[in-house]
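# Geometric and topological summary
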Amino acid sequence: VFKRKTKTALHQESLFKPIARDLKNDPKRIIAHLDMDAFFASAEERERPYLSGRPIVVGSDPSGGKGRGVVSTANYLARSYGIRSALPISKAWQLSQEAKRAGKPEAVFVGCNFFLYEKISSRIVEITQEMLQEFKADLRRPLIEIAGIDEFYLDLSFLGDYKKAERFGEKLQQRIKKQEKLTASIGLGPNKLIAKIASDFQKPNGLTVISPEKVDDFLKDLPISKIHGIGPKTNLIFKTQKVNTVGEAGRLPMDFYQKGFGKFGEDLYWRLKGIDSRPLERPTKAKSIGCHETLMEDTFELGKLLPKLEAMAVEIVGRMRRDGFKVFERGVLTVRFSDFVTKTRSKTFSQPISSKLELEKWATKILLTFLDKRENKTGQSIRLIGLRIEKMK
Ligand SMILES: [Mg+2]
């Protein structure tokens, strides 16, 4: 029901972005890519210590093997059963049952709790910002690019050399481990392309440093599919040339790329040589900020619903301020009843709102109408609530 930008979407060929053509990497640049390890699954494991040491699959409801939808994240134990992101949930269920028959523990299936993941995600960014401050970075420049809910790029060029950048990375990993009880993998390299491949190189809890002189060696034997932007279609064209590794691809002339891949050819040529000068992107201003939560059990009790609403208002107003907005002019409240009927009410306020309290007050007023005859004639209990703000300034 809730569409989210997933990791797979980011890897699609259609999202191939051109790279500026500088023909070589800037020798002064040091870029880090941080990627949380099995993020959703690790977050669930942390929240429920009794799941510790068990295979965990976060995704849609498997409904005893008949469920539709896919796996969002599997922890490393579940991955050893062959369960991975984007696999149909019914297939994941089958694999878990097979493992059970072989005497291994059955996987635990858990629904997505984006509210929790967003909260952790913004705390990881805060921890990173604190560290940048401690290391005396010039924070007027954009040094963090949030690339996804569990990954971001850092510009560590200000540290001056890779040894210092490596220490920064180690310290950041330790701090995330200590404060959030989660592990992250970090890659360091002369650009975003190399840093991202490096962070994936020794998961989980890895720190991989690819200084400029090591780039060619690092890339040489990697399968070309490791290069961001190369998907199955592109791969096929390389197969016809009997090319499998980045090193082999690098020996093909520019002409081959321009003829074979059209306007992406030139970028691909440089990319395969590990050259990339894309800058860190500033955060795009969000058009709305919101969250929703499916309750542990359907309820009619105001005493259970109001604390949720308050937590959401706190989170939303906090995120609004972090994103550089001061006020918002529109609120949206969504309720899903136990019969899955979903209702949404919104309001554009005559005066812009800046406080969490005012948001909470408005949302409570609307919520009350969903609990009595006004909006709930058949007396359904509530399964999910969602709150969102729009028109931020
Ligand atoms: Mg990750």
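Keep in mind it's a predicted model, so treat the numbers as computed, not measured. (Residues numbered from 1 in each chain as written. Predicted model: local features only at pLDDT ≥ 70, side-chain atom pairs only at ≥ 80, totals over all residues. Heavy atoms only, no water.)

## Description of the coordination of the magnesium ion
Put simply, the test is: We call an atom a donor if it is N, O or S and sits within 2.8 Å of the metal, or 3.2 Å for Na, K and Ca. Water is not counted, so some sites may look partial. Runs of E in the DSSP output that reach at least two residues are strands. Runs of H or I that reach at least four are helices, and both are numbered from the N terminus. Classification of residues uses two cut-offs on accessible area relative to the type maximum, computed with a 1.4 Å probe and protein chains only: under 20% is buried, over 50% is exposed, and between them is partly exposed.
For the magnesium ion, the protein coordination sphere consists of Asp 35 (OD), Met 36 (O) and Asp 150 (OD), at 2.1 to 2.6 Å. Expressed as a motif, the donor residue spacing for the magnesium ion is D-M-x113-D. With a gap of 114 residues between them, Met 36 in strand E1 (residues 31-36) and Asp 150 in the loop between strand E5 (144-148) and strand E6 (151-155) connect regions that are remote in the sequence. A single burial state applies to Met 36 and to Asp 150, both of which are buried.

## Details of the sheet that holds strand E3 (residues 71-74)
To keep things clear, this is the line we draw: Strand pairing is assigned whenever DSSP identifies at least 2 bridges connecting the two strands. Here the axes come from fitting lines to C-alpha atoms, over the contacting stretch only for helices, and the angles between their N-to-C directions go from 0 to 180 degrees.
Taken in spatial order, the three strands make up an open sheet running E3-E2-E4, and their pairing is mixed. Two strands lie at the open edges of the sheet, namely E3 and strand E4 (108-110), each paired on one side alone. Ignoring which end each strand starts from, the neighbouring axes of this sheet average 25° apart. The pairing of strand E2 (residues 56-59) with E3 spans three bridges and is classified as antiparallel. For Val 58, the partnering residue across the bridge sits in E3 and is Thr 73.

## Concerning the packing of helix H9 (residues 232-240) against helix H11 (residues 254-261)
Heads up, the condition is: Any angle that is under 35 degrees is reported as roughly parallel, and any over 145 degrees as roughly antiparallel; angles of 65 to 115 degrees are reported as roughly perpendicular and all others as oblique. Here a crossing is called left-handed whenever its near helix is offset anticlockwise from the far helix by less than a right angle, and right-handed whenever the offset is clockwise. We call two residues in contact when some of their heavy atoms are within 4.5 Å. Three classes are used: nonpolar for Ala, Val, Leu, Ile, Met, Phe, Trp, Tyr, Cys and Pro, charged for Asp, Glu, Lys and Arg, and polar for all others, with Gly counted as polar.
Interaxial distance between H9 and H11 falls to 12 Å at its minimum, and their mutual angle equals 130°. In terms of axis orientation, H9 runs oblique to H11. Where H9 crosses over H11, the handedness of that crossing is right-handed. Here Thr 234, Ile 237 and Phe 238 of H9 come into contact with H11, specifically with Phe 256, Tyr 257, Gly 260 and Phe 261. Classifying every residue of the contact of H9 with H11 by side-chain character gives five nonpolar, two polar and no charged.

Any functional reading would require information that these geometric values do not contain.
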